[in-house]
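Observations on chain architecture
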Amino acid sequence: MIITKKKPIEEILNELDSYEKIFIVGCTLCATASKTGGEEEVREMKEKLEFSGKRVVGTVVLDPVCNLQKSKLDLKKYVSGISESEALLCMACGNGLQTLGEIVEDKPIFPANDTLFLGEVKRFGVFEERCLQCGKCLLTNGLAICPLSRCPKGMLNGPCGGAKDGLCEVNQDLKCVWMEIYERLKRMGRLSDLKKINLPLDYSIKIRPGQHYVRRGVLNEQT
Amino acid sequence: MSKLKEKLDSGKFTITAEIGPPKGSDVSEFREIVKLLKGKIDAFNVTDGQGASMKLSSLAGCLVILSEGEEPVMQMTGRDRNRIAIQSELLGAYALGIRNILAITGDYPTLGDNPGAKPVYDLDSVGILLAASSLMKGRDLAGNLLKGEPPNFYLGATANPNFFPIEVELIKMEKKIEAGARFFQTQAVYDINVAERFMKEVSNFNIKVLLGIIPLRSLKSAQFVSKMIPGVKISEEVLRRMENASDPKIEGLKIAAELIRKVKEHGLAHGVHIMAIGAEKTVPILLDML
């Protein structure tokens, strides 16, 4: 899931300073789960904006925002609200915001959220980054722990010199991921796997910006 | 040819020391320290943005050392450079006379004085060693041929004898050796038993080991070292000596000298690596105590 965080309301109001009529767009998927852009948050935002003297000319929670063709269709019902607005406030992730930008070409669109990472929901309200979308999954050895996304330095061959008492030098709230890998391999009786050198990643696999399409039913071509 | 390699291979007790380049372009004090230590140590190890703090480059510091007729060890971290920059700097270093390279992943930017910097970490320490080894075989990391005679580096890496569980550190050392490391300098050790245990563990590895020494400067610095260096333990006795000393700086140097003498007398390691971290001018006093 894409984990997002609410921007402070002051920052949002500051961005919207010169606009009075606002249209709000939320998202049913990740932003709903992150509690940053579901029905409830969109309603709260509407109240906050109105309290600050704005006019909210319409709201919609798209299912999800990042599906371009679907959102195009779904937004057709809101054309009058959108055209009446001076600016849009997008309560989805950075991707959703740009999808919206492709549909609504002539209005400024402001983000209500900061997009953090692709992560796991550990439990309600607790998220942890799990994947950097590097383009070639390292987890083919059955490890199920990605050192690239879960180590700030992306160490591929064991802990760095800063790991202390099993904790990360960069964030002491985090366990060093290489200690987790060590313990997991030990449990599986596969400690010798730790001796295998992981070669530097091939970043040419992932060309940014990337575009993929399904051809004859297979999603594997990059243009 | 690396004189450091020659000395270590000869079996003679080897001493290296670390000097941090200045935060600025004036190298006069740096040069002064080199002159103070000239002829007294076997190699000068130049840090590469230690503690993720922006300083004059390791390469430039190494050139000052070369200009004084001494031998440098260039630290190369992966924090600030991708594989293209690392390889081109390695080639440049070799062309300018640098023979010893110490590969380090590097401290994270948020720990330093430019916390907003974008970290790179394209290569970790093992990756840097692989890149250097590849250059030594006449090819870059992608396999492209190099022109002319390939560089001939003496490659080093770091290890921490205090790391727990030591098994993890030993496996990482094996990987570094496989990637080309021939000498290791260790994180600071204050306990001869820790050093002994560690050396026993690595006795099968075909490497040279320089045990790390950080002279204590005060009781506070002892606490700082314990906090900063993963796993490091400073004994009650050493702490008491630091507390009761009339001149803690001298006491710290004495403690370091005693440890170095023990290492030397027992043939425990192939040498020591002194890290004075800003107090490089006290290193000659320490050397005189040996």
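The following paragraphs examine the structure supplied in this document. Remember, predicted model here, so these are calculated numbers, not experimental data.

1. A word on the overall build of chain A
Tallying secondary structure elements over chain A gives eight helices and nine strands in all. Taken over C-alpha atoms, the radius of gyration comes to 22 Å for chain A, far larger than the 17 Å a tight globule of 223 residues would show. Once the C-alpha set of chain A is aligned to its principal axes, its extents read approximately 65 × 45 × 25 Å. With an accessible surface of roughly 12,400 Å², chain A has 51% of that area assigned to carbon and sulfur atoms. Computed over 33 positive and 30 negative side-chain charges, the inter-centroid distance for chain A is 8 Å.

2. Quick notes on the pairing of strand β6 (residues 183–188) of chain B
Sheet faces and side chains relate simply in a regular strand, where the side chains alternate between the two faces. Residue and element names in this part refer to chain B. Counting buried positions along β6 yields five of six residues, so the element is predominantly enclosed. One ladder, built from four bridges, connects strand β5 (residues 154–159) with β6; its direction is parallel. Each residue of the ladder has a partner; that of G156, found in β6, is F183. Following the backbone out of β5, through helix α6 (residues 166–178) and into the adjacent parallel β6, one traces a crossover that is right-handed. A crossover connection joins β6 to the parallel strand β7 (residues 208–213) through helix α7 (residues 192–201); in handedness this β-α-β unit is right-handed.

3. Structural notes on the interface of chain B and chain A
Opposite the 32 residues of chain B that make contact, chain A presents 26 residues. Around 2,400 Å² of area is buried between chain B and chain A when both sides are counted, 62% of it from carbon and sulfur atoms. On the surface where chain B and chain A come into contact, there are two salt bridges. Between B:E174 and A:K195 there is a salt bridge whose closest N-O contact spans 3.9 Å. One can count twelve residue pairs in polar contact (both at pLDDT 80 or more) joining chain B with chain A. Examining the composition of the side of chain B that touches chain A, we find that seven residues originate from one element, α6(B), more than from any other. Split into classes, the residues belonging to the side of chain B that touches chain A amount to 16 nonpolar, six polar and ten charged.

4. Considerations on helix α1 (residues 3–10) of chain B
The N-cap residue of α1(B) is B:S2: its side-chain oxygen and the backbone nitrogen of B:L4 are 3.2 Å apart. A positive backbone phi angle near 85 degrees is found at B:G11, which sits one or two residues after α1(B).

5. A word on the pattern of salt bridges
Counted under the stated rule, the structure contains 31 salt bridges over all chains. A salt bridge links B:R81 to B:E89, with the shortest nitrogen-to-oxygen separation between them at 3.3 Å. Taken together, the shared-partner salt bridges connect A:E120, A:K122, A:E128 and A:R130 into one network.

6. Structural notes on helix α8 (residues 177–187) of chain A
Residues spaced three or four apart along an α-helix face the same direction, because each turn holds 3.6 residues. Three or more residues of α8(A) are buried, namely A:V177, A:W178, A:M179, A:I181, A:Y182 and A:L185. The secondary structure elements touched by the buried residues of α8(A) are α7 (147–150) of chain A together with α6 of chain B.

7. Describing the sheet that holds strand β2 (residues 21–27) of chain A
Residues and elements named next belong to chain A. Taking strand neighbours across the sheet as the criterion, the four strands line up as β3-β2-β4-β5 in an open arrangement whose pairing is parallel. Of all strands in the sheet, those bounded by a partner on one side alone are β3 (55–62) and β5 (109–111). Direction aside, the axes of adjacent strands within the sheet are offset by 25 degrees on average. Where β2 lies against strand β4 (residues 87–90), four bridges are found, and the strand directions are parallel. Residue pairing in the sheet places V25 in a bridge with C90 of β4. Packing of helix α3 (residues 39–51) onto the sheet brings it into contact with β2, β3 and β4, and relative to β3 it is tilted by some 170 degrees.

8. Some words on empty space enclosed by the protein
Tallied over the entire structure, the rule returns two cavities of 30 Å³ or more. Of the pockets and cavities examined, the largest cavity occupies roughly 130 Å³. Split by residue class, the lining of the largest cavity holds 13 nonpolar, one polar and four charged. The computed volume of the second largest cavity comes to approximately 60 Å³.

Calculation rules
- Residues numbered from 1 in each chain as written.
- Chains lettered and ligands numbered in written order.
- Predicted model: local features only at pLDDT ≥ 70, side-chain atom pairs only at ≥ 80, totals over all residues.
- Heavy atoms only, no water.
- Helix = DSSP H or I, 4+ residues; strand = E, 2+ residues; numbered from the N terminus.
- Rg over C-alpha atoms; globule rule 2.2 N^0.38 Å.
- Areas by Shrake-Rupley, 256 points an atom, 1.4 Å probe, with all protein chains shown as cover.
- Lys, Arg positive; Asp, Glu negative; His and termini not counted.
- Charge placed at Lys NZ, Arg CZ, Asp CG, Glu CD.
- Buried < 20%, exposed > 50% of the residue type's maximum accessible area, 1.4 Å probe, protein only.
- Pairing = 2+ DSSP bridges.
- Right-handed = clockwise from strand over helix to strand, strands pointing away.
- Contact = heavy atoms within 4.5 Å.
- Buried area = accessible area lost by both parts, 1.4 Å probe.
- Salt bridge = Lys/Arg side-chain N within 4 Å of Asp/Glu carboxyl O.
- Polar contact = N/O pair within 3.5 Å; in protein donor to acceptor, adjacent residues only side chain to side chain.
- Nonpolar A, V, L, I, M, F, W, Y, C, P; charged D, E, K, R; others polar.
- Axes fitted to C-alpha atoms, helices over the stretch in contact; angles between N-to-C directions.
- 1 Å grid on protein atoms, 1.4 Å probe; cavity = no way out; pocket = protein on both sides within 12 Å on 5 of 7 lines; lining within 4 Å.
- Points joined across faces, edges and corners; volume = space filled by probe spheres on them.

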